[in-house]
Amino acid sequence: MRAQREGSQAVALTVARCRPEVVCAYPISPQTHIVEGLSAIVASGELAPCEFVNVESEFAALSVAIGASAAGARAYTATASQGLLFMAEALWNASGLGLPIVMTVANRAIGAPINIWNDHSDAMALRDCGWIQLYAQDNQEAADLHILAFRLAEQLSVPVMVCMDGFVLTHAVEEIDVADQELVDRYLPPYRPRQVLDPKAPITIGAMVGPEAFTEVRYLAHQTQRQALTVIPRLADEFATVFGRRSASLVSPYRTEDADLVVVALGSVLGTLAETIDELRDDGVRVGALGITTFRPFPTEAVRAALRDGQRVVALERAFSIGSGGVVSQDLRVALAGMDCPLSTVVAGLGGRPITRPSLRQLITQARSAPGDPTAGPQPLVFLDLDRDLLAHG
Amino acid sequence: MFQIRIHGRGGQGVVTAAELLSVAANAFGRHAQAFPSFGSERTGAPVVAFCRIDDRPIRLREPVLEPDAVIVQDSTLLRQIDVLGGLRPAGYLLVNTAATLDDLGLGGVVARLPPGHAVAVSATAIARTHVGRPVPNAALLGAFAALTELISIDSVAAAIATRFHGHLRDGNVTAARAAYEHVKGVRSGASAA
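A few points on the structure. (Residues numbered from 1 in each chain as written. Chains lettered and ligands numbered in written order. Predicted model: local features only at pLDDT ≥ 70, side-chain atom pairs only at ≥ 80, totals over all residues. Heavy atoms only, no water.)

Counting secondary structure elements, chain A contains 14 helices and 15 strands. Relative to the globule expectation of 21 Å for 394 residues, the C-alpha radius of gyration of chain A, 21 Å, shows essentially globular dimensions. Overall size of chain A, expressed as C-alpha extent along the three principal axes, is 70 × 55 × 50 Å. For chain A, with 394 residues in total, the buried portion stands at 57%. Summing over all exposed atoms, chain A offers an accessible surface of approximately 16,600 Å²; the carbon and sulfur share of this is 54%. (Helix = DSSP H or I, 4+ residues; strand = E, 2+ residues; numbered from the N terminus. Rg over C-alpha atoms; globule rule 2.2 N^0.38 Å. Buried < 20%, exposed > 50% of the residue type's maximum accessible area, 1.4 Å probe, protein only. Areas by Shrake-Rupley, 256 points an atom, 1.4 Å probe, with all protein chains shown as cover.)

Next comes the structure, spelled out in structure tokens:
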């Protein structure tokens, strides 16, 4: 039903309509409203026999989800920031065991220094843990991606993170169409696990694998996750048929056709970026954006298909690898191999600093006028709106 | 696009006011987006919330930098932070106070804005009368509807009814209508003069 509601409430309602059987989460800002909403729905009895399990930590939350999923239940959890890091060990267990858990990550910076606001450092730090990562541009996408995530996870036996910008999306109130139960039921069949832990028919999962087969296990995990690059567009098409609106897929190009510069970004900044692009287009500036929804597996071919020789590419990143540079940029550099697309990296929006139209305009204008000599060697990492005065006093 | 910034203190319902404003605008057939300033809010600490209203879906995610309207729920903030920062030349100013805008040192601002665009309303007193509590946000939404004519008072009442029930709903709706009538009276007086 279409209504004015908070992003977190839309996600809670949508997850409830996916009929999870176990919800287990530990509250942490800015994820809290999502699990509060779900706990209220579970407590109302509406989702029976769904169980909401209270735990003492994020490590326990994911461990319960792993146990529930291995026992054949559809399991959901949500976290952010330090909470995601606290799950780190269990994240690899969930993916290694092929358990189709869905988790919302309400993206938030990592301390120290403590900071409760948005950036992508949390999910980016865990990009290699074998989970699929989807990033929502707005709250409609955030809600819808959860429905697709359960289908995807259960079809491939791979856990999925749905990443949404903390506060910027989780606490924003806007018009959101929460999918009807009947349509969700049509799109998402009941979970049929490949195998279950059952005392009546004991099996072992996750047993020790030595050097003779460990590489092969990881090879298969990679192949399985890469299948998502074919499966996600199909599920997105089916989503459009059932729900009458497009769900996000691998990438989302915006006015890239004749652009001489394309800004690549993930998450909610794409909205502000689209507004900036429209304004610049009115001034005759040929600029576009490429949103990356599916970050893991990385949609190499879709990125190549969305860009063409001669276009400059700026990766606008809400996280970075200290001592190296952009995280998304590394994947883009591989994707763009052999193409004439000079790539630069801009780090922006760390720890909740707003990314504004004036800053984006300046960034785009400067990037278009900079020399694009690919033989010039590596460029220094650029930090948007860096406060030089503050640094001088540091 | 019409952009609103609401200043108040933790406990005064600043975030709720922005949310209800977006619900009212949505009920009035507009697209709307509301969001808080994402601080670690504490009771009594300065709080900011934003609302955008437009005829098309809203994609912007930056804070409101140049508001078309500023609502000040607590006039003591005028001495503490730049609540008028970025207010557009043809913008609106709504201040919750029992004093006059001149008394608050806002005479210069009132003179700069178009006639009738700056209004003082005793929203806390109205809330005490009708709700029995000094929470001025619902009354200010009624005043905002009269000041800007961007949303109807009925859509404000409908928005309040989505959030409050029983006597709190009735009291807040009555407070909103009382503030609406007050500001309408002030504005018709201003345009007659």
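Having seen the model, we can carry on.
As a further point, take the overall build of chain B. Secondary structure summary: chain B contains six helices and six strands in total. In chain B, the order of α-helices and β-strands from amino to carboxyl end is β-α-β-β-β-β-α-β-α-α-α-α. The C-alpha radius of gyration of chain B comes to 15 Å, within 12% of the 16 Å expected for a compact globule of 193 residues. Overall, chain B is about 40 × 40 × 35 Å in size when its C-alpha atoms are taken along their principal axes. Sorting the 193 residues of chain B into buried and exposed places 56% on the buried side. Considering only contacts in chain B between residues 6 or more positions apart, those separated by 24 or more positions represent 65%. (Contact = heavy atoms within 4.5 Å.)

Residues and elements named next belong to chain A. Pairing is mixed across the open sheet formed by seven strands, whose spatial order is 3-2-4-5-7-6-12. Each edge of the sheet is formed by a strand with only one pairing partner; in this case those strands are strand 3 (51–53) and strand 12 (294–296). Adjacent strand axes in the sheet meet at a mean angle of 20 degrees, parallel and antiparallel pairs treated alike. Strands strand 2 (22–24), strand 3 and strand 4 (75–79) of the sheet are contacted by helix 3 (residues 58–70), whose axis makes an angle of about 165 degrees with strand 4. (Pairing = 2+ DSSP bridges. Axes fitted to C-alpha atoms, helices over the stretch in contact; angles between N-to-C directions.)

Here we take up empty space enclosed by the protein. All names here are of chain A. Following the criterion strictly, the structure yields two cavities of 30 Å³ or more and no others. By volume, the largest cavity amounts to about 80 Å³. Taken together, H120, M124, L266, V269, L316, E317, R318, A319, V327, V328, A348 and I355 form the lining of the largest cavity. Taken together, the elements giving at least two residues each to the lining of the largest cavity come down to strand 13 (312–317) and helix 12 (327–335). (1 Å grid on protein atoms, 1.4 Å probe; cavity = no way out; pocket = protein on both sides within 12 Å on 5 of 7 lines; lining within 4 Å. Points joined across faces, edges and corners; volume = space filled by probe spheres on them.)

All right, on to the pattern of salt bridges then. Residues and elements named next belong to chain A. According to the stated counting rule, one finds 29 salt bridges over all chains in the structure shown. For R127, the salt bridge goes to D128, with nearest N and O atoms at 3.1 Å. Relative accessible area serves as the criterion here: at 47%, D128 is assigned to the partly exposed category. For the salt bridge of R151 with E238, the shortest nitrogen-to-oxygen distance reads 3.0 Å. With R151 in helix 7 (residues 139–156) and E238 in helix 9 (residues 214–243), the pair connects residues that are 87 residues apart, well separated along the chain. Here R151 falls in the buried class, since its relative accessible area comes to 16%. When its relative accessible area of 32% is taken as the criterion, E238 is described as partly exposed. (Salt bridge = Lys/Arg side-chain N within 4 Å of Asp/Glu carboxyl O.)

Residues and elements named next belong to chain A. Mapping V11 onto the fold places it in helix 1 (residues 7–17). Remark: the alpha-carbon pair of V11 and A65, spanning 54 residues in sequence, is separated by 18 Å. The contacts of V11, once residues within four sequence positions are left out, are I34, Y76, T104, A142, A143, H146 and M164.

So, on to unusual backbone geometry. Residue and element names in this part refer to chain A. Here S29 and P30 are connected by a cis peptide whose omega angle stands at 0 degrees. Secondary-structure assignment places P30 in the loop between strand 2 and helix 2 (32–43). Residue A112 is reached from G111 by a cis peptide bond, and omega for that bond is 5 degrees. As for its placement among the helices and strands, A112 is situated in the loop between strand 5 (102–107) and helix 6 (121–125).

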